[in-house]
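# Reading the structure
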Amino acid sequence: LYNISTGDDDILDSSSKSSRLYLCLVRALLIFLCAFGTIASLTSAFNLPYKPMRVIPAPIFICIYISFIYYNKITFYLGYIFYFIAFTLFIFSFYWYVNSGYQAFMNTVYEKYSDFFNLSTLREATEFIEDRSITVSVTMIFIIAFLALLLNITISGYMSMLETFFITFPLLQVALYIDAK
């Protein structure tokens, strides 16, 4: 990258940086489409209310941040540390929202599966915060943040479409199994 013989920056240096920047942005787009598409499809299949204008900006930022972890070695080693710290703070700060959103999802899934299989059982978990549009939105951001981490490893690290499929498809299978649309 740095030409020792002339002491000048090599021409390939600027194009290398711009191609690395472009590659990170493309990976961020792929991670966003996979993570948000999976979770939004699952949420929409069960008709759970969420606020797209509140949900979409956070995953965009998360996916851009997480894809730039692979920009160079410094960002790789420090990026994951900051990501896990932020993820942990997010969980502790919004615990009741995430828990209530998760319980709302589980209650809805259990109800749909009970109807599909004609089960006579009743199971309902307590939702501490009753506004589902807020709790489901916060839970979606949390799950997308976790899913983006896994997808970043498969897309940026290994470039494996098969591993990406194995991460996203089981989540979609929850709705596809009972033809929830």
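Here's what I pulled together on the structure shown here. All figures in this text were calculated on a predicted structure; none of them were measured in a lab. (Residues numbered from 1 in each chain as written. Predicted model: local features only at pLDDT ≥ 70, side-chain atom pairs only at ≥ 80, totals over all residues. Heavy atoms only, no water.)

## Section: the side chain of Thr108
For Thr108, the location among the structural elements is in helix H5 (residues 95–117). The buried category is assigned to Thr108, whose relative accessible area is 8%. Contacts of Thr108, omitting those with residues within four sequence positions, involve Phe46, Leu48 and Arg132. (Helix = DSSP H or I, 4+ residues; strand = E, 2+ residues; numbered from the N terminus. Buried < 20%, exposed > 50% of the residue type's maximum accessible area, 1.4 Å probe, protein only. Contact = heavy atoms within 4.5 Å.)

## Remarks on the environment of Phe116
When you line up the elements, Phe116 lands in helix H5. C-alpha of Phe116 to C-alpha of Ser18: the two residues are 98 residues apart in sequence and 52 Å apart in space.

## Thoughts on the packing of aromatic side chains
Under the counting rule described, the total for this entry stands at 21 aromatic pairs. Both rings, one in Phe32 and one in Phe36, keep their centres 5.4 Å apart while their planes meet at 5°; by these two values the pair is stacked. Here Phe36 and Phe32 lie together in helix H1 (residues 11–45), a separation of 4 residues that amounts to about one turn. Between Tyr65 and Tyr83, the ring centres sit 6.1 Å apart and the planes meet at 15°, which makes this aromatic pair stacked. Remark: Tyr83 occurs in helix H4 (residues 73–93) and Tyr65 occurs in helix H3 (residues 57–67); sequence separation between them is 18 residues. Among the aromatic residues, those joined into a cluster by ring pairs are Tyr65, Tyr70, Phe76, Tyr77, Tyr80, Tyr83, Phe84, Phe87 and Phe142. Above the face of the Tyr71 ring, Arg20 is positioned so that its terminal group lies 5.1 Å from the ring centre. (Phe/Tyr/Trp six-rings, centres within 6.5 Å; stacked < 30°, edge-to-face > 60°. Lys NZ or Arg CZ within 6 Å of the ring centre and 35° of its normal.)

## Description of the nonpolar core
By size, the foremost hydrophobic cluster in this structure holds 39 residues, and its most contacted members are Ile31, Phe36, Phe46, Tyr50 and Met140. Counting only elements with at least two residues in this core, the list comes to H1, H3, H4, H5 and helix H6 (132–158). Those residues within four positions of Tyr50 in sequence are excluded, and the remaining contacts are Phe36, Ala40, Thr43, Ser44, Val55, Ser133, Val136, Ser137 and Met140. (Core = buried A, V, L, I, M, F, W, Y, C linked by side-chain atoms within 4.5 Å.)

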